[in-house]
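What the coordinates show
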Amino acid sequence: IDTIAPVVVREKPHNNATHTNPSKITVVFNEKIQLNSIDETCLISPVFETKPTITARKKKLIISLKNQTLRNNTTYTFNFSKAIKDVHEGTFIEQYVYAFSTGGELDSLKIQGSVRIAETDEIPKNCYVLLYTHTPEFSDSTLYNTVPTYTTKVSEQGNFLFSNIQQGTYVLYALVDEDKNFRYSQANEFVAFLDTLVVPSARIVYDTIRYSIAQESDSSLLVQQPEDTI
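Residues numbered from 1 in each chain as written. Predicted model: local features only at pLDDT ≥ 70, side-chain atom pairs only at ≥ 80, totals over all residues. Heavy atoms only, no water.

A short note on the nonpolar core
Residues Ile25, Leu61, Phe78, Phe80, Ile84 and Phe100 are the most contacted members of the largest nonpolar core, which totals 22 residues. Listed by contribution, the elements that provide at least two residues to this core are strand S2 (24-29), strand S4 (42-45), strand S6 (60-64), strand S7 (75-81) and strand S9 (95-101). The residues touching Phe80, leaving out its near neighbours within four places in the chain, are Ile38, Thr41, Cys42, Ile54, Leu61, Ile63, Glu94, Gln95 and Tyr96. Among the nonpolar cores identified, the runner-up in size contains 16 residues, and Leu131, Tyr150, Ile165 and Tyr170 belong to it. (Core = buried A, V, L, I, M, F, W, Y, C linked by side-chain atoms within 4.5 Å. Buried < 20%, exposed > 50% of the residue type's maximum accessible area, 1.4 Å probe, protein only. Helix = DSSP H or I, 4+ residues; strand = E, 2+ residues; numbered from the N terminus. Contact = heavy atoms within 4.5 Å.)

With respect to the sheet that holds S9
Strands pair in a sheet through their backbones, by hydrogen bonds, and they do so in one of two ways: parallel or antiparallel. Read from one edge to the other, the open sheet built from 3 strands follows the order S4-S7-S9, with strand pairing classed as antiparallel. Because the sheet does not close on itself, it has two edges, and the strands there are S4 and S9. For this sheet, the mean inter-axis angle between neighbouring strands, taken without regard to orientation, is 10°. (Pairing = 2+ DSSP bridges. Axes fitted to C-alpha atoms, helices over the stretch in contact; angles between N-to-C directions.)

Points about the environment of Asn67
Mapped onto the elements of the fold, Asn67 is located in the loop between S6 and S7. A sequence separation of 14 residues divides Asn67 from Thr53, and the C-alpha atoms of the two residues are 9.5 Å apart.

Side note on the packing of aromatic side chains
The tally for this structure, following the rule as stated, stands at 14 aromatic pairs. Arranged with centres 6.4 Å apart and planes meeting at 50°, the rings of Tyr98 and Phe100 form a pair that is tilted. There is no split in this pair, since Tyr98 and Phe100 are both buried. Seen in terms of ring centroids, Phe160 and Phe162 are 6.0 Å apart; in terms of plane orientation they differ by 70°. Their pairing is edge-to-face. (Phe/Tyr/Trp six-rings, centres within 6.5 Å; stacked < 30°, edge-to-face > 60°.)

Details of the pairing of S9
Taking burial as the measure, the 7 residues of S9 include 5 buried ones, the bulk of the element. Note: S7 against S9, 7 bridges, orientation antiparallel. By the bridge assignment for S9, Tyr76 is matched with Phe100.

As for unusual backbone geometry
Lys12 connects to Pro13 through a cis peptide bond whose omega is -10°. You can see Pro13 is positioned in the loop between strand S1 (8-12) and S2. Between Ser45 and the following residue, Pro46, the backbone shows a cis peptide bond with an omega angle of -10°. The backbone of Asn16 shows a phi angle near 70°, a positive value even though the residue is not glycine. By the secondary structure assignment, Asn16 is in the loop between S1 and S2. With a phi angle near 45°, Ser37 is a residue other than glycine that sits in the positive phi range. Along the polypeptide, Ser37 turns up in the loop between strand S3 (33-35) and helix H1 (38-41).

Next up, the structure:
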């Protein structure tokens, strides 16, 4: 019995590539693969208005972007969660993340949190967290009419994580998305929002430690405690 999930052996362009604008992405595995409900198990950020075509062909995973317009200086992330499995025993890859940037570096900011149903404190099922770029034109109707900039799914433990986020100001919603269109489009869809804007940022701290070295009578060296820390 094959209990080992497929393993990636080659990617084109390579994972985490920069300065690239591909029309097609090819990922080669060590065995034949098949896809599992790919529209639900692969989340793409930033979100495309029309989802790219993702297919499996023998040992290859192929993502077609030929009809997509990619933004400049943007990191695109494809997060596959139990989406890829082998054709014999159906052993899943628990998670596979592919990313590339059209600019010179990968966006590296992250946003994480948790979601609960207010009345019961239970974890909602089929819940997504939507992240919209805040602009002067942004309004509540944006949730009805526009797909978000980024999206991620709430885990079985009630947690969510956005990675490879571009610096900016965002509005955050949680949505039980019954029709999987990343919009609030049905009356039976639960929705929530964070009442403050989200501004992810990173801070780099440089630490300098100065050591004093004193010479003992037996010519040994003694390293003393730091005199100063910046």
